Amino acid sequence: MIDKNVASADAAVADIPDGATLMVGGFGPAGQPCALLDALIRHRPRELTLISNNAGNGDFGLAALLKAGCVRKVVCSFPRQSDSWVFDDLYRRGELELELIPQGNLAARIQAGGSGLGGFYTPTGYGTKLAEGKETREIDGRQYVFELPLKADFALIKAEKGDRWGNLLYSKTGRNFGPIMAMAAHCTIAEINQLVPLGQLDPETIITPGIFVQRLVTSPASAAQLSA
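Owing to the predicted nature of the structure, the values given are computational and were not obtained by experimental measurement. Per chain, the residues get numbers from 1 upward, laid out in the order the sequence is written. Local features in this predicted model are restricted to residues of pLDDT 70 or higher, and side-chain atom pairs are both shown and tallied only at a pLDDT of 80 or more, whereas totals for entire chains, interfaces and linings draw on every residue. As a rule here, side-chain values cover all heavy atoms of the structure and leave hydrogens and water aside.

Please explain the overall build of the protein as it appears in this structure.
Going along the chain from the N terminus, every DSSP run of H or I of four or more residues is numbered as a helix, and every run of E of two or more is numbered as a strand. Secondary structure assignment for the protein yields seven helices and eleven strands. Two things to know: the radius of gyration comes from C-alpha atoms, and the globule rule equals 2.2 Å times the number of residues to the power 0.38. For the protein, whose C-alpha radius of gyration is 18 Å, the value lies close to the compact-globule estimate of 17 Å for 228 residues. Here the C-alpha coordinates of the protein stretch approximately 60 × 40 × 30 Å along the principal axes. Here the protein, with 228 residues, has 48% of them falling under the buried criterion. Each residue's exposure class comes from its accessible area (1.4 Å probe, protein chains only) as a fraction of the maximum for that residue type: buried when under 20%, exposed when over 50%, partly exposed otherwise.

Structure (structure tokens):
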């Protein structure tokens, strides 16, 4: 019987080693798997490479992971905003390396990694510092930059509902990078708000098929709400 449920968030992330490449879903707080990130902070791996849309907000989630000293390099589109003081401080002190990627390129590179593509050409970034050291090519009179795919050892994502096979549905903008990150990681760990019986999810509405999910955790807060 296929059952991808893991007893706890701590158990789900326990084998993430030092030096791993980690994708984390979320667009700011929306869709951020905070229970998994809190568990990862308790586990305390070091020298992680973090691939995410941004570099954390306030002092929770991604920001807390950075503050705990777990991350060596951040690969993202929006490292700085009004409440990104954790990233700002670490970066200014030289304790974090940053690879800045335009958001469309970030999504496309993750999609390429999940689709098994060797890369793609894009006009975005041509003629800027972001294109330095990269292959360029003229296509139909326009200049393009070649971008490599992004893959990860682990992906931590958040979904609204899931069944024991790992099929997932998302809530509105909480969907964001989750589906493509699930495809681009060797091991995808999904934090869900609600575990539903097998067969309850309409196959026509499933966004991430269970084939891309290896572990499933129902967040404690959501479980408490459901049992209340």
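Next, the rest of the story.
Looking at this structure, how should I read the sheet that holds strand β5 (residues 120-122)?
Remark on secondary structure: sheet strands pair via backbone hydrogen bonds, oriented parallel or antiparallel. Taken together, the three strands give an open sheet; going across it, the order is β5-β7-β6, and neighbouring strands pair in antiparallel fashion. Each edge of the open sheet carries a strand with a single partner, namely β5 and β6 (136-139). When the angles between neighbouring strand axes are averaged without regard to direction, this sheet yields 40°. The sheet contact formed by β6 and strand β7 (residues 142-147) spans four bridges and is antiparallel. The residue of β7 that forms the bridge with I139 is R142. Here the rule is simple: two strands pair whenever DSSP picks up at least two bridges between them. In this description, a line fitted to the C-alpha atoms serves as the axis of each element, helices being fitted only across the stretch in contact, and the angle between N-to-C directions of two axes falls anywhere from 0 to 180 degrees.

Help me understand the nonpolar core in this model?
Considering soluble globular proteins, one finds that nonpolar side chains tend to be buried as a cluster. To form a nonpolar core, buried Ala, Val, Leu, Ile, Met, Phe, Trp, Tyr and Cys residues must be joined to one another through side-chain atoms within 4.5 Å. One finds I16, L22, L66, V71, L156 and I189 to be the most contacted residues of the largest nonpolar core, which totals 34 residues. Not counting residues up to four positions away in its chain, the partners in contact with I189 are A12, V13, I16, L36, F154, A155, L156, I157 and R215. Counting residues in each nonpolar core, the second largest holds 23 residues, with M23, A155, A182 and L216 among its members. Contacts: residue pairs with any heavy atoms within 4.5 Å of one another.

Please clarify how the pattern of salt bridges should be interpreted in this entry.
Once their charged atoms are close, side chains differing in charge can pair, the charge on each being opposite to the other. Only one rule defines a salt bridge in this text: a Lys or Arg side-chain nitrogen within 4 Å of an Asp or Glu carboxyl oxygen. Enumeration over the complete set of coordinates arrives at 14 salt bridges. Here R72 ties to E47 by a salt bridge, and the two come within 3.6 Å at their closest N and O atoms. One end of the pair, R72, is in strand β3 (residues 71-76); the other, E47, is in the loop between α2 (34-43) and β2 (48-51), and 25 residues separate them in sequence. A salt bridge links R109 to E147, with the shortest nitrogen-to-oxygen separation between them at 3.6 Å. One end of the pair, R109, is in helix α5 (residues 103-115); the other, E147, is in strand β7, with 38 residues separating them in the sequence. Given the relative accessible area of 4%, E147 is considered buried. Among the ionic contacts, a cluster of salt bridges with common partners joins E47, R72, K73, E97, E99, R109, K134 and E147.

I'm lost on the packing of aromatic side chains in this one. Help?
For any pair of aromatic rings, the description rests on two quantities: the centre-to-centre distance and the angle between the ring planes. The criterion for an aromatic pair is that two Phe, Tyr or Trp rings (for Trp, the six-membered ring) have centres within 6.5 Å, with stacked assigned to planes under 30 degrees apart, edge-to-face to planes over 60 apart and tilted to the rest. Applying the stated criterion to the full structure yields two aromatic pairs. When the centroid spacing of 5.4 Å and the interplanar angle of 15° are considered together, the rings of F87 and Y91 count as stacked. Placement of the pair is F87 and Y91 together in helix α4 (residues 85-92), with a separation of four residues, close to one helical turn. Judged by its relative accessible area of 1%, F87 is buried. Given the relative accessible area of 42%, Y91 is considered partly exposed.

How should I be thinking about a nonpolar patch on the surface in this particular structure?
On the surface, a cluster of nonpolar side chains totalling about 270 Å² of accessible area is made up of I2, W165 and L198. Looking at the element boundaries, W165 is found in the loop between β8 (152-162) and β9 (168-169). Residues with no salt bridge and a relative accessible area higher than 30% make up the patches, which join like charges within 9 Å and nonpolar side chains (Val, Leu, Ile, Met, Phe, Trp, Tyr) within 5 Å. Surface accessibility in these figures is a Shrake-Rupley result with a 1.4 Å probe; residues are shielded only by whichever protein chains are displayed.

In this structure, what is going on with α2? I would like to understand it.
Along an α-helix, residues three or four positions apart point the same way, because every turn accommodates 3.6 residues. Within the sequence span of α2, burial applies to A35, L36, L37, A39, L40 and I41. The positive-phi residue at the C-terminal boundary of α2 is R44, with phi of around 60°.

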